[in-house]
Amino acid sequence: MMKQKTLKGSFSLCGKGLHTGLSLTVTFNPAPENHGYKIQRIDLDQMPVIDGVAENVVDTQRGTVLGKGDVKVSTVEHALSALYALGVDNCLIQVNGPEFPILDGSAIKYVEKIKEIGIEEQNAPKDWYVIRKKIEVKDEITGSCITILPDEEMSVTTMCSFESKFINSQFATIDDITKYEADIAPARTFVFVRDIEPLLQANLIKGGDLDNAIVMYERQISQEQLDKLADMLHVEHRDATELGYIQHKPIVWENECTRHKLLDLIGDMALIGKPIKGRIVATRPGHTINNKFARQMRAEIRKHEIQAPAYDPNEEPIMDVNRIRELLPHRYPMQLVDKVIELGPNNIVGVKNITANEPFFQGHFPQEPVMPGVLQIEAMAQCGGLLVLNSVEEPERWSTYFMKIDGVKFRQKVVPGDTLLFKVELLAPLRHGISTMKGYVFVGDHVVSEATFTAQIIKNK
């Protein structure tokens, strides 16, 4: 089972802020499991902390701005993109100002430092959110659209269209997230000359220069206007009749701008709070639509806080009914697990098909058959017994007895025709023959019951 990850140590990066031009330092620290991304303003009294989630985005005009009350931190998307793509789940980020340093306008510096310091596994399992159906967000005014579809891994495709002969229509894609460092991280942010003057007047790019952005001069303006902009940016004058790229470093790829849009999208998806398994297709993405989509994904995750396991009846089970009978003493009518479809050191997934011929329906209830809740708990307990027995040698020589059951909740009825999926996870390793587990029963995508168990295994006489 894949585990959550954090950094092996701390590292810092220094540079000027894109918006303020201030000298800034951002430090990345290891964090405990289930911590997520949190950003701390260490330059302020009491050192306020902002959770890195979509609900805390307060502005998306030029980069992603996270805020809580009056405390804000901007330009976080490049760092979050690097953390997310490299599989870091938990990190405390400390910054001594209102934004992250812009560095070279890409995520490559973050990637290099993360790989240099190293990543380590934690005890908690990685909490994937698996996409089971199409989810889409549209902006009818701008034509922006983000769609996510079911897929076995995370992949992203971005398609952009600009009013420019240099980058009219482009697309970029990443099907293997391990290629992020080489194919996406070096892509720099970009700006059109026609947009620079309004940004300067609005004090939005005090720290912008030709070293940290791709600058495109694709519509001719007067020599006087271009000279004025050059003076504001502290760069040399150029001939206003010569269109083209005017940054110091040449573009890395023809579609570098669209690759940077993909980089930003991954950074904004980090605000969902869980790693995603699904294919994202984004048309004309930007921070506004990205955040709108991240918020919708957060709502989906809350709706299915505990996600049902995937079940394909065509796949061979890990344990069939005959193997289950070898391990458990239960027989008709008390054997309540038909097969096991997933089994790891700390988790198990079992299946029970509910038919109208179940003996308990004769009395519960003849006119409205409903599976008794105590039998749902018993079925979970049997799955838990199989999980515990999987951790000992010669499991046929042991029996499992449940000592305590807590936190039982019943959420909806179980009726004939339902297929129950049991998901049971160890909460603590087996010690002195005793273990604690958490179990859920699903019908489709919905939790129908849940409970926490304490079990003891005893060797048969």
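Let me sum up the structure you'll find in this document.

A separate point is the nonpolar core. Proteins that are soluble and globular tend to have nonpolar side chains buried together. In this structure, Phe-28, Leu-83, Ile-93, Phe-100, Tyr-110, Tyr-180 and Met-297 are the most contacted members of the largest nonpolar core, which totals 61 residues. Top element by residues in this core is helix α1 (residues 77-85). It accounts for 6 residues. Each residue touching Phe-28, except ones within four places of it in the same chain, is listed here: Leu-7, Gly-9, Ser-10, Phe-11, Ala-79, Leu-83, Cys-91, Leu-92, Ile-93 and Tyr-110. Of all hydrophobic cores here, the second largest spans 36 residues; its members include Met-319, Ala-381, Val-388 and Leu-426.

Across 6 bridges, the pairing between strand β2 (residues 11-16) and strand β3 (residues 23-30) is antiparallel. Across the sheet, the residue bridging to Leu-13 is Val-26, located in β3. Between β2 and β3, which pair antiparallel and follow one another directly, the connecting turn spans 6 residues, one of which, Gly-21, has a positive phi of 75 degrees. With 5 bridges joining them, β3 and strand β9 (residues 91-95) adopt antiparallel strand pairing. Looking at β9, one finds that Pro-30 is bridged to Cys-91.

With an omega of 5 degrees, the peptide bond running from Tyr-332 to Pro-333 counts as cis. Mapping Pro-333 onto the fold places it in the loop between α8 (321-327) and β21 (339-343). Cis geometry is adopted by the peptide bond preceding Phe-365, which originates at His-364 and carries an omega value of -5 degrees. Relative to the elements of secondary structure, Phe-365 occurs in the loop between β22 (347-353) and α9 (373-389). Its identity is not glycine, yet Asn-34 carries a phi of approximately 65 degrees, on the positive side. Positioned with a positive phi, Gln-46 is a non-glycine residue whose angle comes to about 70 degrees.

A cluster of nonpolar residues, Ile-405, Val-408 and Phe-410, forms a patch on the protein surface that exposes about 250 Å² of accessible area. Tracing the backbone through its elements, the reader meets Ile-405 in strand β23 (residues 398-410).

With that out of the way, let us pick up the sheet that holds strand β8 (residues 71-74). Across the sheet, which stays open at both edges, the 3 strands sit in the order β6-β7-β8 with antiparallel pairing between neighbours. Edge positions in the open sheet fall to β6 (57-59) and β8, since each of these has one partner strand only. For this sheet the average axis-to-axis angle between neighbouring strands, irrespective of direction, equals 40 degrees. As judged from the 2 bridges shared by β6 and strand β7 (residues 65-68), these two strands associate in the antiparallel manner. Looking at β7, one finds that Asp-59 is bridged to Val-65.

Relative orientation of the contacting elements α1 and helix α2 (residues 108-117) amounts to 40 degrees, with a least axis distance of 8 Å. Looking at the two axes, α1 sits oblique to α2. The crossing of α1 and α2 is right-handed. Residue-level inspection shows His-78, Ala-79, Ala-82 and Leu-83 of α1 in contact with α2, the latter providing Tyr-110, Val-111 and Ile-114. Tallied by class, residues from the contact of α1 with α2 come to 6 nonpolar, 1 polar and no charged.

Taking strand neighbours across the sheet as the criterion, the 3 strands line up as β16-β17-β18 in an open arrangement whose pairing is mixed. Because the sheet does not close on itself, it has two edges, and the strands there are β16 (190-192) and β18 (244-245). Pairing of β16 with strand β17 (residues 214-217) involves 3 bridges; the strand directions are parallel. Its bridge partner being in β17, Phe-190 is matched across the sheet by Ile-214.

This part is about α9. With 17 residues, α9 should reach 24 Å at 1.5 Å per residue; the first-to-last C-alpha distance of 24 Å fits that figure. Taking burial as the measure, the 17 residues of α9 include 14 buried ones, the bulk of the element.

Once that is clear, we can look at the layout of surface pockets. One number sums up the size of the second largest pocket: a volume of about 1100 Å³. Together, 42 residues line the second largest pocket, and Tyr-84, Asp-89, Lys-126, Lys-274 and Pro-275 are the ones closest to its centre. Per-element accounting of the lining of the second largest pocket gives the leading share, 3 residues, to helix α7 (residues 287-303). Taken together, the residues of the lining of the second largest pocket break down into 18 nonpolar, 9 polar and 15 charged.

Here is what the cut-offs are and how they apply
- Residues numbered from 1 in each chain as written.
- Predicted model: local features only at pLDDT ≥ 70, side-chain atom pairs only at ≥ 80, totals over all residues.
- Heavy atoms only, no water.
- Core = buried A, V, L, I, M, F, W, Y, C linked by side-chain atoms within 4.5 Å.
- Buried < 20%, exposed > 50% of the residue type's maximum accessible area, 1.4 Å probe, protein only.
- Helix = DSSP H or I, 4+ residues; strand = E, 2+ residues; numbered from the N terminus.
- Contact = heavy atoms within 4.5 Å.
- Pairing = 2+ DSSP bridges.
- Patch = residues over 30% accessible without salt bridge, like charges linked within 9 Å, V, L, I, M, F, W, Y side chains within 5 Å.
- Areas by Shrake-Rupley, 256 points an atom, 1.4 Å probe, with all protein chains shown as cover.
- Salt bridge = Lys/Arg side-chain N within 4 Å of Asp/Glu carboxyl O.
- Axes fitted to C-alpha atoms, helices over the stretch in contact; angles between N-to-C directions.
- Parallel < 35°, antiparallel > 145°, perpendicular 65-115°, else oblique.
- Left-handed = near helix turned anticlockwise from the far one by under 90°.
- Nonpolar A, V, L, I, M, F, W, Y, C, P; charged D, E, K, R; others polar.
- Expected span 1.5 Å × (residues − 1).
- 1 Å grid on protein atoms, 1.4 Å probe; cavity = no way out; pocket = protein on both sides within 12 Å on 5 of 7 lines; lining within 4 Å.
- Points joined across faces, edges and corners; volume = space filled by probe spheres on them.

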